[in-house]
Amino acid sequence: NAGVTQTPKFQVLKTGQSMTLQCAQDMNHEYMSWYRQDPGMGLRLIHYSVGAGITDQGEVPNGYNVSRSTTEDFPLRLLSAAPSQTSVYFCASSYEGYTEAFFGQGTRLTVV
Amino acid sequence: DQQVKQNSPSLSVQEGRISILNCDYTNSMFDYFLWYKKYPAEGPTFLISISSIKDKNEDGRFTVFLNKSAKHLSLHIVPSQPGDSAVYFCAVSRSSNTGKLIFGQGTTLQVKP
């Protein structure tokens, strides 16, 4: 059981470039979410999904897109990277949505 | 407008003593509360949780207390060990609005040998 797998672990982008952060889980969880962690800000919810085909915005959705075509995968797309998107990104999945969530190892993104 | 606040950015305690981490929330509609632990370069890991129908939940050295009237929860670690040194996040959720955990800013705990 791999749990929640995020790729890549590290990424450097130039301003204006696009990229996709990958997230996959093998626990058959319906609920998945993306968070970003910034110093002094805790973990802030970007987007979340309550099942395949259903996504919704979190606290800081601007500049990010998501889709959920399968139960296992929940990619996060940055359409035009900005320095303000420099952060550590975490993907999480959970069985019930409001209880324990399992997190991936994170992706450290730097936008220059 | 922060819905969850951890007002102490850091806490330092001696090995063997009690560590108390605090968390305040603003919305009385939250009915499920969690604590996560995070080591550097790793993802957060679940530690302990409590639902609003309880005021205390214990798991080994870890106890979470919930005071609904004060909208306050705390995590007690007894006895504290050097391996407990990490960042601790509290999180809140609503069972009627699944999929969203709202986190506090985190408290860095250092346990000195």
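Please refer to the structure higher up on the page.
The notes below deal with the structure included here. (Residues numbered from 1 in each chain as written. Chains lettered and ligands numbered in written order. Predicted model: local features only at pLDDT ≥ 70, side-chain atom pairs only at ≥ 80, totals over all residues. Heavy atoms only, no water.)

### Topic: the state of the cysteines
Residues and elements named next belong to chain B.
For step 1, the next point in the chain: Per the counting criterion, the structure on display carries two disulfides over all chains.
For step 2, the next point in the chain: Here cysteine 23 pairs with cysteine 90 through a disulfide, and the sulfurs are 2.0 Å apart. Here the S-S torsion is close to 65°, and the disulfide linking cysteine 23 with cysteine 90 is therefore right-handed. One end of the pair, cysteine 23, is in strand β3 (residues 19-25); the other, cysteine 90, is in strand β9 (residues 86-93), and 67 residues separate them in sequence. (Disulfide = S-S within 2.5 Å. Helix = DSSP H or I, 4+ residues; strand = E, 2+ residues; numbered from the N terminus.)

### A look at the sheet that holds strand β3 (residues 19-25) of chain A
All names here are of chain A.
For step 1, the next point in the chain: With antiparallel pairing, four strands are arranged side by side in an open sheet as β1-β3-β8-β7. In the strand order of this sheet, the two ends are held by β1 (4-7) and β7 (64-66), each with one partner. Averaged over all neighbouring strand pairs, the angle between strand axes comes to 20°, with direction disregarded.
For step 2, the next point in the chain: Strand direction decides the pairing type here: β1 and β3, joined by four bridges, are antiparallel. By the bridge assignment, threonine 5 is partnered in β3 with alanine 24. (Pairing = 2+ DSSP bridges. Axes fitted to C-alpha atoms, helices over the stretch in contact; angles between N-to-C directions.)

### Considerations on the packing of aromatic side chains
Residues and elements named next belong to chain A.
For step 1, the next point in the chain: The final tally for this structure, using the stated rule, is twelve aromatic pairs over all chains.
For step 2, the next point in the chain: With a centroid separation of 6.5 Å and 80° between ring planes, the pair formed by phenylalanine 90 and phenylalanine 103 is classed as edge-to-face. In this pair, phenylalanine 90 sits in strand β9 (residues 87-94) while phenylalanine 103 sits in strand β10 (residues 101-103), placing the two residues 13 residues apart along the sequence. Summarising the burial analysis for this pair, phenylalanine 90 and phenylalanine 103 share the class buried. (Phe/Tyr/Trp six-rings, centres within 6.5 Å; stacked < 30°, edge-to-face > 60°. Buried < 20%, exposed > 50% of the residue type's maximum accessible area, 1.4 Å probe, protein only.)

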